[in-house]
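For reference, the chains in residue letters:
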Amino acid sequence: MARNFNTIVNDENVQPKISGLQKKAIAVAVVGIALLVVGAISDSDQFYRSYLLGYIYWVIISVGMFALYALHNVVSGAWGFTIRRFLEAGVRTLPLMLILFVPILFGMHSLYEWTHTDVVAKDHILHQKAPYLNETFFIIRLVFYFVLWSGLGFYLMKLNRQIEENRDPSSLGKIQKLSAVTLLLIILSGTFAAVDWMMSLEPHWFSTIYGILFVSGGTLSGLALTIWLLVKFRGNRPLSDFLVPRIFHDMGTLLFTLTMFWAYISFSQFIIIWSGNVAEETPWYAVRMANEWGTIGWGLVFLHFALPWVILLSKKAKRNPQILSAVAIWMLAMRFMDLYWLIAPAHLRSTFSFHWLDIAAPLAVGGIWMAYYCQQLQGKTLMTVWDPRLQDAWHRIGNADAADSAYFGDTSSVKEGIHG
Amino acid sequence: MEPATQPPIYGLMAEFATGEALLDATQRTSKAGYRQMDAYSPVPVEGIAEAIGFKTKLPWGVFCGGLTGAVFGMGLQYWASVIYYPMNIGGRPMFSIPSFIPVTFETTVLFSALTAVFGMIILNKLPMPYHPVFNVQGFDRASTDRYFLAIEATDPKFDRQRTWEFLESLKPENLAEVPH
């Protein structure tokens, strides 16, 4: 009595209602870009700093969604099928993010100390680092990251689409293997990207764990946004038929895990530098632990880690889409706070300040990102319904969920026929 | 046979060939209003704990164990480094919280894990040298390839005759009385 997956595609080919979100995103993008233009004319240095912050905030979401997509291809749990479309649209934003990097290229001289030849000539360490940290190689690497990510991402999506369209599961093994390699490559290339874009803002400082911090933070951002979208569009068929409480439970558990992982990596970097207490590493934290920066740092411990961690301990919270979505939105706000704390002190040093452009830039980049993202989401159902692994995954989760729901009393969300 | 002449039993036990059959049967038993039941399976069956209405306070115990571990770990280091043997290391304060975090984390995990293991053993009333379910012929297969559901006689809805008929309607591979 298993659900007939094939008929859903035919009689429920409902277009998701995404245009509302897209219109809002376009409006935000227009206002944001107008503000950025004003900012760029009045204070170009501040514009570049804020733009970098806004850009990083969104590019790690694209990379994070790509990482989650690769993870889904490797493990193929039921949760992954419900968010696959959202992740695929995220992967498709990667080429856009290469284009959106262009303003930073114009601002390199303003952002990165190592682009000043006179400074490098006088500074022995920067001189030693010059074969890596120079503008030409920076741009070559930049293009390389995006070619690598987009290439792997689009190829994996092509293979998955072929499975869906031809109903031919023969390349499943290939997808799984390639995705495992992709995960590894994302972490390696993400490390280099993090060094290039963020760590080299303070070119004397180094931390080998920084790349993992960048990738894990990005995956957390990507998952939080995905959860928000999933809850927002949970009414669309056929997606709605599959969104049993167990799925939200799994998403919540993953969010919980990534929150912990982020905290673990952040603290690891801190404890190593704090214990070592050597002159070339500690200034980075000395700046970030004093005055208002220190307050934000402590805020991260309690608001980015402890609060969502405690909320997500509860099984009931994870199974409630509204609570889960609220935690995801909170997470997205905290990701901004974390990135501000990581990036802004590079230029501001120990004087804390917050410019209105720091809000306008993430909104502008985010508006463009979201408008483009919605475009990628259009034209298909919000759920993959033909995949040889789906039915199997569903059979297991369906059974378990029927029991869960009888226990929790939220039977209304369990659709008939999912569990055989 | 008159009911009064029958010796009291522990309950009735149905045997199933697959975990899915067991889960389905358990859900239907729960829906029929039975509460005092237990499922026996050689492998974990996802959802079975919820289906038999298994509730436990153990998570709260583990949480308290973890808190105790955290306080113990931090307290131990505070006592050692600040009170008992204060030592200046690299000019750091005596009470250097960052360096105390790893140990505090470890003791939190240790105490949580120990509470979970020993809490489980105690709540399961282990070790238990005798249990009536082993009186059923073929029950030893519960640790290899068979799945069992027992409705216990202590259930208010339990009736030797009607419960037997109910379990029969679930189409088990085998059905047996569990003597004390």
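From a predicted model like this one, the values you see are computed outputs, not experimental measurements.

## Looking at the sheet that holds strand 2 (residues 37-40) of chain B
Residues and elements named next belong to chain B.
- Taken together, four strands build an open sheet; the order of strands is 2-3-1-4 and the sheet is antiparallel. Strands with a single pairing partner mark the edges of an open sheet, and in this sheet they are strand 2 and strand 4 (174-179). In this sheet, adjacent strand axes meet at a mean angle of 20° when their direction is disregarded.
- Of the pairings in the sheet, the one linking strand 1 (residues 9-16) to strand 3 (residues 147-152) comprises six bridges and is antiparallel in character. Within strand 3, the residue paired with Glu-15 across the bridge is Phe-148.
- Against the sheet, helix 1 (residues 19-31) engages strand 1, strand 2 and strand 3, with an angle of about 20° to strand 3.

## Remarks on the packing of aromatic side chains
All names here are of chain A.
- Within the structure shown, the criterion is met by 47 aromatic pairs over all chains.
- Centre to centre, the rings of Phe-267 and Phe-270 are 6.0 Å apart; their planes meet at 50°, and the pair counts as tilted. Of this pair, Phe-267 and Phe-270 both sit in helix 14 (residues 245-276), three residues apart, which is roughly one turn of that helix.
- Phe-267 gets classed as partly exposed once you look at its relative accessible area, which sits at 26%.
- Phe-270 sits in the buried class, given a relative accessible area of 12%.
- Feature note: the residues Tyr-55, Phe-101, Tyr-112, Trp-114, Phe-138, Tyr-145, Phe-146, Trp-149, Trp-197 and Phe-214 constitute an aromatic cluster, connected by ring pairs.
- Over the aromatic face of Tyr-132 sits the side chain of Arg-141, whose NZ or CZ is 3.6 Å from the ring centroid.
- Above the plane of the ring of Trp-284 lies Arg-288, whose end atom (NZ or CZ) is 3.8 Å from the centre.

How each quantity is defined
Residues numbered from 1 in each chain as written. Chains lettered and ligands numbered in written order. Predicted model: local features only at pLDDT ≥ 70, side-chain atom pairs only at ≥ 80, totals over all residues. Heavy atoms only, no water. Pairing = 2+ DSSP bridges. Helix = DSSP H or I, 4+ residues; strand = E, 2+ residues; numbered from the N terminus. Axes fitted to C-alpha atoms, helices over the stretch in contact; angles between N-to-C directions. Contact = heavy atoms within 4.5 Å. Phe/Tyr/Trp six-rings, centres within 6.5 Å; stacked < 30°, edge-to-face > 60°. Buried < 20%, exposed > 50% of the residue type's maximum accessible area, 1.4 Å probe, protein only. Lys NZ or Arg CZ within 6 Å of the ring centre and 35° of its normal.

Read these as spatial facts, not as claims about activity.
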